[in-house]
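If you want the building blocks of each chain, they are given just below.
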Amino acid sequence: MIQKYKYGIPFETDAVPQSIPCAQGTPSCGTVTADESGFRFTCRMSDNEAVYGLGEALRGINKRGGRYVSFNTDQLFHMEDVLSLYASHNFLLLAGECPTGLFFDYPGGLEFDIGFTQQDMLTVSCKHADLYLYIITGSSLTDVVKQFRHAIGRSYIAPKWAMGYAQSRWGYAVPQDFREVVDHYRKHHIPLDAVYMDIDYMERFKDFTVNQETFPDFPAFVSEMQERGIHLVPIIDAAVKAEAGYPVCDEGLENDFFCTDEQGKPFEAAVWPGLTYLPDFLKPEVRQWFGEKYHILIDQGIEGFWNDMNEPAIFYTMQGMEEFRKEMQDFLSRPAEEADWFRVRSLSSGLCGNSNYQQFYHNLNGERICHEQLHNLYGYNMTRAAGEAFEQLCPDKRLLLFSRSSYIGSHRFGGIWTGDNASWWPHLLLNIQMMPSLNMCGYLFSGADIGGFGADVSRDLLLRWLAFGIFTPLMRNHSAKDTRRQECFRFEHPEDFAHVIGVRYRLLPYLYSEYIKAALNDEMYFRPLAFDYPEDAAAREVEDQLMLGDGLMIAPVYLQNASGRCVYLPEDMLFVKFLPDGTLHQEPLSKGLHRISAALNEVPLFIKKNHILPLAAFAETVAALDETHLELIGWITEPTSYTLYQDDGLTKDYSNPQHYLTLTKEPAKP
Ligand code: GLC
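Attention here is on the structure that accompanies the text. (Residues numbered from 1 in each chain as written. Predicted model: local features only at pLDDT ≥ 70, side-chain atom pairs only at ≥ 80, totals over all residues. Heavy atoms only, no water.)

1. Notes on helix 1 (residues 141-152)
Part 1 of the argument: The end-to-end C-alpha distance of helix 1, which contains 12 residues, comes to 17 Å, matching closely the 16 Å that a straight helix rising 1.5 Å per residue would cover.
Part 2 of the argument: Of all the positions in helix 1, only Leu 141, Val 144, Val 145, Gln 147, Phe 148, Arg 149, Ala 151 and Ile 152 are classed as buried.
Part 3 of the argument: Gly 153 lies just past helix 1 and shows a positive phi near 95°. (Helix = DSSP H or I, 4+ residues; strand = E, 2+ residues; numbered from the N terminus. Expected span 1.5 Å × (residues − 1). Buried < 20%, exposed > 50% of the residue type's maximum accessible area, 1.4 Å probe, protein only.)

2. What to know about the packing of aromatic side chains
Part 1 of the argument: Taken as a whole and judged by the stated rule, the model has 49 aromatic pairs.
Part 2 of the argument: Summarising the aromatic geometry, the rings of Tyr 52 and Phe 531 are spaced 5.4 Å apart at their centres and angled 65° between planes, so their arrangement reads as edge-to-face. Remark: Phe 531 occurs in helix 14 (residues 529-532) and Tyr 52 occurs in strand 4 (residues 51-53); sequence separation between them is 479 residues. Per residue, the accessibility class of Tyr 52 equals that of Phe 531, and both read buried.
Part 3 of the argument: In this structure an aromatic cluster arises from ring pairing among Phe 208, Phe 257, Phe 258, Tyr 277, Phe 281, Trp 289, Phe 290, Tyr 294, Phe 305, Tyr 378 and Phe 390.
Part 4 of the argument: A cation over an aromatic ring shows up here: Arg 476 above the ring of Tyr 196, its NZ or CZ 4.9 Å from the ring centre.
Part 5 of the argument: The ring of Trp 306 carries the charged tip of Arg 476 above its face, separated from the ring centre by 4.2 Å. (Phe/Tyr/Trp six-rings, centres within 6.5 Å; stacked < 30°, edge-to-face > 60°. Lys NZ or Arg CZ within 6 Å of the ring centre and 35° of its normal.)

3. So, the sheet that holds strand 18 (residues 304-308)
Part 1 of the argument: The strand order across the open sheet built from nine strands is 25-24-22-18-14-13-12-27-26, with neighbouring strands paired in parallel fashion. Each edge of the open sheet carries a strand with a single partner, namely strand 25 (446-447) and strand 26 (449-450).
Part 2 of the argument: Bridge count between strand 14 (residues 231-237) and strand 18: three bridges; the pairing is parallel. Considered in strand 18, the bridge of Ile 236 is made with Asn 307. (Pairing = 2+ DSSP bridges.)

4. Looking at the packing of helix 5 (residues 284-293) against helix 10 (residues 378-393)
Part 1 of the argument: Running from N to C, helix 5 and helix 10 cross one another at 65°; their axes reach a closest spacing of 8 Å. By the angle class used here, helix 5 and helix 10 are roughly perpendicular. The two elements helix 5 and helix 10 meet at a crossing, and its hand is right-handed. Residue-level inspection shows Arg 287, Phe 290, Gly 291 and Glu 292 of helix 5 in contact with helix 10, the latter providing Asn 381, Met 382, Arg 384, Ala 385, Ala 386, Glu 388, Ala 389 and Leu 393.
Part 2 of the argument: Each residue belonging to the contact of helix 5 with helix 10 can be placed in one class, and the counts come to six nonpolar, two polar and four charged. (Axes fitted to C-alpha atoms, helices over the stretch in contact; angles between N-to-C directions. Parallel < 35°, antiparallel > 145°, perpendicular 65-115°, else oblique. Left-handed = near helix turned anticlockwise from the far one by under 90°. Contact = heavy atoms within 4.5 Å. Nonpolar A, V, L, I, M, F, W, Y, C, P; charged D, E, K, R; others polar.)

5. Quick word on the side chain of Arg 149
Part 1 of the argument: By the secondary structure assignment, Arg 149 is in helix 1.
Part 2 of the argument: The charged side chain of Arg 149 is buried without a salt bridge, its nearest counter-charge being Asp 522 at 4.7 Å.
Part 3 of the argument: Among the polar contacts listed, one links the side chain of Arg 149 to the backbone oxygen of Ala 518, at a separation of 3.4 Å. (Lys, Arg positive; Asp, Glu negative; His and termini not counted. Salt bridge = Lys/Arg side-chain N within 4 Å of Asp/Glu carboxyl O. Polar contact = N/O pair within 3.5 Å; in protein donor to acceptor, adjacent residues only side chain to side chain.)

6. A look at the sheet that holds strand 28 (residues 526-527)
Part 1 of the argument: In space, the six strands of this open sheet follow the order 28-29-30-35-32-33, with antiparallel pairing throughout. Either end of the sheet is taken by a strand with one partner, and the two such strands are strand 28 and strand 33 (584-589).
Part 2 of the argument: Looking at chain direction, strand 30 (residues 552-554) and strand 35 (residues 603-608) are connected through two bridges and run antiparallel. Residue pairing across strands places Met 553 opposite Phe 606, the latter belonging to strand 35.

7. Regarding the pattern of salt bridges
Part 1 of the argument: Applying the stated criterion to the full structure yields 37 salt bridges.
Part 2 of the argument: Two residues, Lys 591 and Asp 536, come together in a salt bridge whose shortest N-O distance is 3.6 Å. One end of the pair, Lys 591, is in the loop between strand 33 and strand 34 (592-597); the other, Asp 536, is in the loop between helix 14 and helix 15 (537-540), and 55 residues separate them in sequence.
Part 3 of the argument: In this structure Asp 536 comes out as buried when scored by relative accessible area, which is 13%.
Part 4 of the argument: With a shortest N-O distance of 3.3 Å, Glu 602 and Lys 577 are connected by a salt bridge. Of this pair, Glu 602 sits in the loop between strand 34 and strand 35 while Lys 577 is found in strand 32 (residues 573-578), placing the two residues 25 residues apart along the sequence.

8. A word on the site of the ligand
Part 1 of the argument: Lining the immediate surroundings of the ligand are 13 residues, of which Asp 198, Asp 308, Arg 404, Asp 420 and His 478 lie closest.
Part 2 of the argument: Contacts to the ligand include Asp 308, whose side-chain N or O atom sits 3.2 Å from an oxygen atom.
Part 3 of the argument: Asp 420 is positioned with one of its side-chain polar atoms (N or O) 2.5 Å from an oxygen atom of the ligand.
Part 4 of the argument: For the ligand, whose free accessible area comes to 310 Å², the fraction covered by protein is 98%. (Near = heavy atom within 4 Å. Areas by Shrake-Rupley, 256 points an atom, 1.4 Å probe, with all protein chains shown as cover.)

Next comes the structure, spelled out in structure tokens:
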């Protein structure tokens, strides 16, 4: 059951398209105070009550014991005490006696204190008491999530090729950079379906342009790559370069499509292109205008995009820079011993800070609303601009789309990646822990930068990360400029990488089937063990293993120098290891604690007893997969079947019953 409570005059975010009448009276769970001083929800938690949710947030699967702030931030350092990342997913799931979901539909800054200040107290608060609160009760954690997911609408579905392995790096600039990547991947038979294009393909970082000097015939280059089985996926940034004569800028100015400053003039902020304007994506006509621009690249053969810098990221504003310059003049005019260096340093690092969001406005139906109040909706509406346009431009074809910034609602239009992580072992664990939380909030097509974006990766970290990344719907290796080169072929024994990534392709019939079924049925593709085994106290506390779809459990190795790990089996399972010679190690294990070994070039997984895992033969691209011959593996003691979803991976005819195939396996004869 979902109950919706209204406080003040909420902004209609369209996060919940399902029409739910507002309930009267006080909520069935917690205590609310809502007045001029703001909104505050409090609720006492029982001793061992776990709290799940928050989608893209730091810390573990169980969010208890931490503080979190929903305020989308271009955050380079994902450390344990960081409060905000790029997304705001204001959904919590209290795993008490009566599982309860809470969704705070509020587009400004929202604070969560989940037993941090006081161990048994949950507090959610914000400055303005204008919001909708949804309270969802159900028979189980899974049931609550399903009801919530149904209310927020079906998750975006990516084309199947986008589930192939992809290579990306900030810095690929000329065709030769891309050709080199593809040549090496193909030479070493490391599977590859896509290469991402970061900002350097553009003409001076202007959206919807391609640098004509470096790519004189872009459509020909796109088809050259397609002929080699490669999809090119360009980036689109939120801000539009302020440059007279650049059509996107000129049209935006002519039509008042940009956010405005205090005086009502187009607001200027610096991002990669230098000074830019920010499209007012909250206006439907701006979404339509910006969304249509994607056709410029679609017409040249492009089939997918990643939307970036849409928190929106701001390096500095004109106002901020002016104040900084004044301070600098004052600093320079003083004798060195009197000059306040610390002040200048903090002013300089504050140039890109959150105060910028108070300096500009959205103009909605004649009303000027300060951006800060609607801040968390910006990236969502950029994704929506593209997603809505794709429906018009290619109604029957799935295009790839994912974004850095998001708010619940954008999951209907695109997926997300989790931003600028680093090549640190704890970020591999963070990736594992974040995935089920994202699924609760509707983000199924998601993943992290495999290998880590910032810092230098080591070979063992990349291999371990890939051995987890093969399970995430978005499987992209991406890294920052000036870090160690992170393409798989740059390391010793590329055949190990070919093997690990190859397992993704062998598993793809199952992974794709589970991904699509999760999207169509409002289910989670990755689940914490607590969801499937709520009665099992040991399972409830597992933070580093996940259930995946119908019959799988994964337990990735995420510590350096570990030759294996301990795994908790909540029931009897078949332990399977994909060995580098292409064979499988299969070992039935009984419920309980086990120590398993897994070398860097081996991929471990677990199949529940009497469940089937269909496997394809190795392939180097999704298109080359032979899905007509599937090997069925499992520990089968009774006749068992699995419903496999298969389609063309590109069109949208999801409900066709022909897409569902029943695979069956009999127990081996004694
Ligand atoms: C941002 C993105 C990153 C990208 C870079 C350059 O930091 O998060 O993925 O490579 O910008 O475009």
